[in-house]
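# Notes for the structure review
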Amino acid sequence: MSAPAQHGKTEPLKASTTVLIGAQWGDEGKGKWIDSLAADAELVVRYQGGNNAGHTLYVDGKKIVLHQLPSGIFHDGQVSALAAGVVVNPAQLVIEMERAAEFGVTLHPSRLWLSGRAHVITPWHVYLDEQRESRSHGAIGTTKRGIGPTYSDKASRSGLRLGHFVNETSRKRWLQQMRELHPEFNKVLSDRHEAWAAFEAAAARLAPFVTDAETHIRTAVAAGKKVLLEGAQGALLDIDHGTYPFVTSSTTGSAGACQSIGLAPRHIGACIGIAKGYVTRVGAGPFPTELHDEVGKSLATKGQEFGATTGRPRRVGWLDAVALRYVVDVNGLSGVILNKMDILTGLKEVKIAVAYRHPTAGELTSMPWDTEVLEACQPVYETMPGWSEDIPRSGKIADLPAAARHFVAEVERHIGAPVIMVGTGPNRGDALYR
Ligand code: IMP
């Protein structure tokens, strides 16, 4: 299936290797953009996270949510890869591959590279995540997909890598080790036998696709192919630079792409961030610009702000330029795509947080490292007139109504990076360009 011709020009892919990340707390609408920009790419690589992500795409008017497969999978002749930094739920990946096949996507090992180095999410890890989240203290509001426990096992060197999972002898050896290591493991084996059966069955299905993906990716980069490196979640959920502990367990930022693939930073040509014209967050954690009023409710309804993976309602707030500037700096963003601008249409006024006010520290103009400090901050807003005119679905940013243009200009001024594209609707072609 080829990308429809309606999709516009793709300036960010002028660089041969581009990283595309979520620039807020996830759910910025990356799926649509990655799918659209991927039309120009020869290889699309997902570099972290697992089936905690949910990228919603509309292909030929039909909705599909991808959790693990790169969003570029719908483009003919293109290669998709999951690199070492990803965690893979095998049974869920098989379901997704079958779903993609219903959309006419023929998956072949020459078109889908699954890294043998990627770690495997097992029913045991899902169990551990659920246990942790059910405690009255310390819940993070995770997706309960086993992400944290899988990355924990990887770091403590007791994880199962995909290359070993598809090998029956290695898989059985790992299972035996886990039985010896954890007294509870046997109980989880028998309580969740259906999940374990699906887990076992997935091995044969995935085996042909498991390969040394990183070497293939480096070869493609060296050959000057157009490569798109796709982040999941968002930069503020990064394990090191996000709002710890209310983060995911991987390196969601642009540097994560290099580490996951084993690709030297000098090969990265451009880093692009996707942000919404407002902010959402799922799960717990600080959110200075969160709205609890009618404006927040209307943005949530109009923007259909429900998690693509868990269906949870997302928390909604005004665009936070302090946080976004921090993300621009941490990730070296050369440009930002401002998505879902159409959702702001019709508001009497629109706001951007340009600083924080802390009860004792006073006004802060940069993002504090301490999540408790951030929790105590109130936003300092710049308020601007809204716009009621419909914004054009496609064309140029210059075609926006004057008030919306002013909003975009103020965002650029405060974050120190250009807005290179504006999202105006859910379809691939719904975009304004410079
Ligand atoms: P985990 O990644 O399931 O461990 O969840 C950790 C935090 O990241 C929670 O606040 C989740 O809601 C959040 N999170 C994980 N994946 C996504 C995503 O794809 N979009 C938005 N938030 C996410």
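Coordinates for the structure precede this section.
Glancing now at the overall build of the protein chain. A tally of regular secondary structure across the protein chain gives 14 helices and 20 strands. Whereas a compact globule of 434 residues would reach a radius of gyration of roughly 22 Å, the protein chain reaches 21 Å, a difference of no more than 12%. Over its C-alpha atoms, taken along the principal directions, the protein chain stretches across nearly 65 × 50 × 40 Å. When each of the 434 residues of the protein chain is scored for burial, the buried share is 57%. For the protein chain, restricting intrachain contacts to residue pairs at least 6 apart in sequence, the fraction spanning at least 24 positions comes to 78%. As displayed, the protein chain offers around 17400 Å² of accessible surface, 52% of which is attributable to carbon and sulfur atoms. Of the side chains in the protein chain, 46 bear a positive and 45 a negative charge, and the two mean positions are spaced by 3 Å.

Let us now look at the site of the ligand. If you check the shell around the ligand, you find 17 residues, and the closest are D27, N52, T143, T248 and R312. Between the ligand and R312, the relevant distance is 3.0 Å, taken from an oxygen atom to a side-chain nitrogen or oxygen of the residue. For the ligand, the accessible surface in isolation is 470 Å², of which the surrounding protein chains cover 97%. Split into classes, the residues belonging to the shell around the ligand amount to seven nonpolar, eight polar and two charged.

Turning to helix α4 (residues 147–155), a few remarks are in order. Given 3.6 residues per turn, any residue in an α-helix points the same way as the ones three and four places further on. What α4 keeps buried is the set I147, P149, T150, Y151 and D153. Where α4 is buried, its residues touch β6 (87–88), β8 (119–120), α3 (123–134) and α6 (168–181). Looking one or two places after α4, you find R157, whose phi comes out positive at around 65°.

Let us look at the nonpolar core. One finds I217, L229, L338, M341 and F407 to be the most contacted residues of the largest nonpolar core, which totals 71 residues. Leave out the neighbours within four places in its chain, and L338 touches A275, K276, G277, L319, F407, V408, V411, V419, M421, V422 and G423. Counting 39 residues, the second-largest nonpolar core is a separate cluster that includes L93, V94, M178 and L206.

Another point: the sheet that holds strand β5 (residues 79–82). The 11 strands lie next to each other as β9-β7-β5-β2-β10-β1-β11-β14-β19-β20-β18, forming an open sheet whose pairing is mixed. Whereas interior strands pair on both sides, the edge strands pair on one side only; in this sheet they are β9 (210–211) and β18 (395–396). Bridging between strand β2 (residues 43–46) and strand β10 (residues 227–230) involves four bridges; their strand directions are parallel. By the bridge assignment, L43 is partnered in β10 with V227. Lying on the sheet, helix α1 (residues 30–37) is in contact with β1 (17–22), β2, β10, β11 (270–276), β14 (335–339), β19 (419–423) and β20 (431–433); it crosses β19 at an angle near 115°.

Next up on the list: the side chain of D430. Note that D430 resides in the loop between β19 and β20. Judged by its relative accessible area of 7%, D430 is buried.

What follows covers the pattern of salt bridges. By the definition in use, this model includes 19 salt bridges. Its salt-bridge partner being E305, residue K340 comes within 2.9 Å of it at the nearest N-O pair. You can see K340 sitting in the loop between β14 and β15 (349–358) and its partner E305 sitting in the loop between α11 (294–302) and β13 (315–320), a full 35 residues away along the chain. The exposure classification of K340 matches that of E305, with both residues buried.

This brings us to the packing of helix α2 (residues 90–102) against helix α8 (residues 193–206). Packing of α2 against α8 leaves a shortest axis separation of 8 Å and a crossing angle of 55°. The orientation of α2 relative to α8 falls into the category oblique. In this structure, α2 meets α8 at a crossing whose hand is left-handed. Contact residues: P90, A91, L93, V94 and M97 in α2; A198, F199, A202, R205 and L206 in α8.

A few words now on the pairing of β15. Of the pairings in the sheet, the one linking β13 to β15 comprises two bridges and is parallel in character. Considered in β15, the bridge of L319 is made with I352. By the bridge criterion, eight bridges tie β15 to strand β17 (residues 378–385) in an arrangement that is antiparallel. Of the residues in β17, the one forming a bridge with R357 is Q378. Examined bridge by bridge, β15 and strand β16 (residues 362–364) share three bridges and lie antiparallel to one another.

Definitions and limits used
Residues numbered from 1 in each chain as written. Predicted model: local features only at pLDDT ≥ 70, side-chain atom pairs only at ≥ 80, totals over all residues. Heavy atoms only, no water. Helix = DSSP H or I, 4+ residues; strand = E, 2+ residues; numbered from the N terminus. Rg over C-alpha atoms; globule rule 2.2 N^0.38 Å. Buried < 20%, exposed > 50% of the residue type's maximum accessible area, 1.4 Å probe, protein only. Contact = heavy atoms within 4.5 Å. Areas by Shrake-Rupley, 256 points an atom, 1.4 Å probe, with all protein chains shown as cover. Lys, Arg positive; Asp, Glu negative; His and termini not counted. Charge placed at Lys NZ, Arg CZ, Asp CG, Glu CD. Near = heavy atom within 4 Å. Polar contact = N/O pair within 3.5 Å; in protein donor to acceptor, adjacent residues only side chain to side chain. Nonpolar A, V, L, I, M, F, W, Y, C, P; charged D, E, K, R; others polar. Core = buried A, V, L, I, M, F, W, Y, C linked by side-chain atoms within 4.5 Å. Pairing = 2+ DSSP bridges. Axes fitted to C-alpha atoms, helices over the stretch in contact; angles between N-to-C directions. Salt bridge = Lys/Arg side-chain N within 4 Å of Asp/Glu carboxyl O. Parallel < 35°, antiparallel > 145°, perpendicular 65-115°, else oblique. Left-handed = near helix turned anticlockwise from the far one by under 90°.

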